[in-house]
Amino acid sequence: LSWTVAGLPGWTKAMLIAYTREVSPLLADCELTHLEREPLDVAGAQAEHEVYESVLERLGARVRRLPSTPHLPDGVFVEDAAVVLDNVAVITRPGAPSRQPETASVEAALAAHRPLVHVRAPATLDGGDVLVAGRTIYIGLSTRTSRDAIQQLTDQLAPYGYDVIPLAFTGCLHLKSAVTRVADDLMLLNPAWVEADAFTGYRALATDPAEPHAANALALGGAVIHPLQHVRTRARLEAAGLTVVTVPQVELAKAESGVTCCSLLVEVR
């Protein structure tokens, strides 16, 4: 299985691995910050996740499941445990103590593909606060990500040619709940939660005001994966010329999930 990597000189063909993890039976006990806890159908969330994995494969990724962690309610949200870049990977230290055991299995998997750097205590960082845009890395200051972690990444990633930019946002759990990159020059964002002017050189596409949680999208294989329920924002993406592939996310969304949260994408030469 090969995957065409656009816009990266020297990366004409690569295998794309999507690391995922199955939904814990304890998902209803997940960490919540901005949402009120409500009844969550775990079986429904598991079914949604299976559809998500099938879409990843349809768009060119090879899905590999990380070891099951049924005792860790948030384990399905693998994005928070690491940040994968072209030539290095960051093993994070999640801001919720209950989530810190999630990183061990992610580290073991990524060690086969990249040299690793680590966020060291007492700093904390969730991968959902990290938005990679070429050689620029925006990191959101949140309840889960500390200034100390941002400084650590600034120092650790400079030798690899990355510039780290701290970014303020409000109203949601992670930076990528407020903004994601959906094309080479286009950011999908909720302007009530993050300033469009922060992203120099990028055009901004605003979510529909009736869908504040619709900014999280995953660009993959020439398409954009987006939650099925955000119909109005999907229309805006399609009007911008993007191909949108929808996935159900009603139950997972109750756990403050987005479509980027449930996979770690690794390009392998």
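Since the structure is predicted, the reported quantities are computational estimates derived from the model, not experimental observations. (Residues numbered from 1 in each chain as written. Predicted model: local features only at pLDDT ≥ 70, side-chain atom pairs only at ≥ 80, totals over all residues. Heavy atoms only, no water.)

A.B. asks: How do you make sense of the sheet that holds strand 10 (residues 186-189) when you look at a structure like this?
C.D. replies: In a beta sheet, neighbouring strands pair by backbone hydrogen bonds and run either parallel or antiparallel. Here three strands make up an open sheet; going across it, the order is 9-10-11 and the pairing mixed. The open sheet is flanked by strand 9 (179-183) and strand 11 (203-206), the only strands paired with a single partner. Between one strand axis and the next, the sheet turns through 35° on average, direction left out of account. Running over the sheet, helix 5 (residues 231-239) touches strand 9, strand 10 and strand 11 and is turned about 150° from strand 11. (Pairing = 2+ DSSP bridges. Helix = DSSP H or I, 4+ residues; strand = E, 2+ residues; numbered from the N terminus. Axes fitted to C-alpha atoms, helices over the stretch in contact; angles between N-to-C directions. Contact = heavy atoms within 4.5 Å.)

A.B. asks: I would appreciate a short explanation of helix 1 (residues 42-58) in the present structure.
C.D. replies: The α-helix advances 3.6 residues per turn, and as a result positions three or four apart in sequence lie on the same side. For helix 1, which comprises 17 residues, the first-to-last C-alpha distance of 24 Å matches the rise-based estimate of 24 Å (1.5 Å per residue) to within 8%. Residues V42, G44, A45, E48, H49, Y52, E53, V55 and L56 constitute the buried set of helix 1. Elements that come into contact with the buried residues of helix 1 comprise strand 1 (15-20), strand 2 (62-65), strand 12 (218-220), strand 13 (223-227), strand 14 (244-247) and helix 6 (250-253). Between the side-chain oxygen of the N-cap and the backbone nitrogen of A43 there are 3.2 Å, and the N-cap of helix 1 in question is D41. Note on helix 1: the residue one or two positions beyond its end, G60, has a positive phi of about 110°. (Expected span 1.5 Å × (residues − 1). Buried < 20%, exposed > 50% of the residue type's maximum accessible area, 1.4 Å probe, protein only. Polar contact = N/O pair within 3.5 Å; in protein donor to acceptor, adjacent residues only side chain to side chain.)

A.B. asks: Hey, could you run me through empty space enclosed by the protein in this one?
C.D. replies: Unoccupied space between atoms shows up once a probe the size of one water molecule is rolled over them. What the rule picks out here adds up to two cavities of 30 Å³ or more. Around the largest cavity, the lining residues are E31, D74, F77, D80, R99, R144, L173, H174, A255, E256 and C261. For the lining of the largest cavity, the class distribution of residues is four nonpolar, one polar and six charged. Volume-wise, the second largest cavity comes out at about 30 Å³. In this structure, the second largest cavity is lined by A28, C30, L32, R37, E38, L40 and K254. (1 Å grid on protein atoms, 1.4 Å probe; cavity = no way out; pocket = protein on both sides within 12 Å on 5 of 7 lines; lining within 4 Å. Points joined across faces, edges and corners; volume = space filled by probe spheres on them. Nonpolar A, V, L, I, M, F, W, Y, C, P; charged D, E, K, R; others polar.)

A.B. asks: Before we go on, may I ask you to explain unusual backbone geometry in this structure?
C.D. replies: Peptide bonds are trans in most cases, and residues, glycine excluded, mostly fall at negative phi. The omega torsion across A121 and P122 is 10°, close enough to zero to call that bond cis. Along the polypeptide, P122 turns up in the loop between strand 5 (116-118) and strand 6 (130-133). Here the phi dihedral of E256 falls at roughly 60°; this positive angle occurs in a residue that is not glycine. Considering the arrangement of structural elements, one finds E256 in the loop between helix 6 and strand 15 (264-268). You can call E256 buried: its relative accessible area is 11%.

A.B. asks: Where do I start with the environment of T207 in this structure?
C.D. replies: Looking at the secondary structure, you find T207 in the loop between strand 11 and strand 12. Distance in space between the C-alpha atoms of T207 and P191 is 7.8 Å, their sequence separation being 16 residues. For T207, the residues in contact, after removing those within four places along its chain, are L188, L189, N190, P191, A214, A215, T233 and R236.

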